[in-house]
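Tertiary structure, described
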Amino acid sequence: MSERIRLAHSPDADDAFMFYGLAKGKVETEGVEYEHVLQDIQTLNTWAKEGRMEVTALSAHAYAYVRDRYDLLTHGGSIGKDYGPMVVAKSRFPLERFKTIAVPGRLTSAYLALRLRYPSFEEVVMDFDAIQPAVARGEVEAGLLIHEGQLTYEKDGLCCVEELGKWWFHETRLPLPMGVNAIRRDLSAEMKEKVSRHLKQSILYSLRHRDEALDYALAFGRGLSRDVADRFVGLWVNERTVDMGEEGKTAIRTFLHRGEEQGLVPPVGDIVFVD
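This section reports on the structure supplied with the text. This is a predicted model, so every value here is computed, not measured.

This part takes up the packing of helix α9 (residues 189–208) against helix α10 (residues 210–218). At a minimum axis distance of 5 Å, the contact between α9 and α10 shows a crossing angle of 105°. Put simply, α9 runs roughly perpendicular to α10. Where α9 approaches α10, its residues Tyr205, Ser206, Leu207 and Arg208 are matched on the opposing element by Arg210, Glu212 and Ala213. Its residues assigned to classes, the contact of α9 with α10 shows three nonpolar, one polar and three charged.

This is the structure in structure tokens:
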């Protein structure tokens, strides 16, 4: 008898790439049947507060609000070392010159990183894909870009004001955790181990069959060229995605504990990682 697990993740090219092996039956799942549920990350963050999905992609920031329901998997993380989300504007002024910044949701890791870097800005919450054109049209002073906007902002005549991944690395010598995969605490230890193993095998399969996995991911790439999609996937699906290791775990703990120290997230306590 098969066991069914709902696996929720975003329709972004990097998530599609890493879950390709599972989505297309390239990985032996030991009797576990996965139902892929695709939603934007802000929706997934909200759902996680309810514990709706057994396994879900999640902003690292959002984990502070759902740690009573979920543990963290060590595979599938989006962790950038010396790169990450960025603030863009039409003119390259110092970050502190911008009083109002458009952001892609208050539970995103990019938002927490920006608050840690620059606590006093006023936020305007927008869908992530509306921010870049809004800045280009002059509707907002500056915008916080995630996803492929980090690679395409210059085509709209914008410039990078602050690279938060570089700032974080300079501050901590650690990578900046953006996305993680979480598994519900009420699942059995055996199931958690199976899911962890299957996810790792899916990522490894995609990395070893890059062209076919990239073909699959392009269908979710919002019209990205193959070159841009390949660069984007290369940034966010790498050796730290296969296994975040101790460095990745330390990065997540440091990120959330700094948010806790500044009153930006609730107390986090010990974080449970499922290897």
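Positionally, Thr172 belongs in helix α8 (residues 164–172). Given a relative accessible area of 15%, Thr172 falls into the buried group. Polar contacts involving the side chain of Thr172 include one to the main-chain carbonyl oxygen of Trp168, which spans 2.8 Å. In terms of polar contacts, Thr172 uses its side chain to reach the backbone amide nitrogen of Leu174, at 3.1 Å. Residue contacts for Thr172: discarding those within four places in its chain leaves Thr254 and Arg258.

Another aspect to go through is the pairing of strand β1 (residues 3–9). For β1 and strand β2 (residues 32–38), the ladder comprises seven bridges, and the chain directions are parallel. The residue bridging Ile5 from the neighbouring strand is Tyr34, located in β2. The sheet contact formed by β1 and strand β3 (residues 55–59) spans two bridges and is parallel. Residue pairing for β3: Leu7 is matched across the bridge by Val55.

Parameters and conventions
- Residues numbered from 1 in each chain as written.
- Predicted model: local features only at pLDDT ≥ 70, side-chain atom pairs only at ≥ 80, totals over all residues.
- Heavy atoms only, no water.
- Axes fitted to C-alpha atoms, helices over the stretch in contact; angles between N-to-C directions.
- Helix = DSSP H or I, 4+ residues; strand = E, 2+ residues; numbered from the N terminus.
- Parallel < 35°, antiparallel > 145°, perpendicular 65-115°, else oblique.
- Contact = heavy atoms within 4.5 Å.
- Nonpolar A, V, L, I, M, F, W, Y, C, P; charged D, E, K, R; others polar.
- Buried < 20%, exposed > 50% of the residue type's maximum accessible area, 1.4 Å probe, protein only.
- Polar contact = N/O pair within 3.5 Å; in protein donor to acceptor, adjacent residues only side chain to side chain.
- Pairing = 2+ DSSP bridges.

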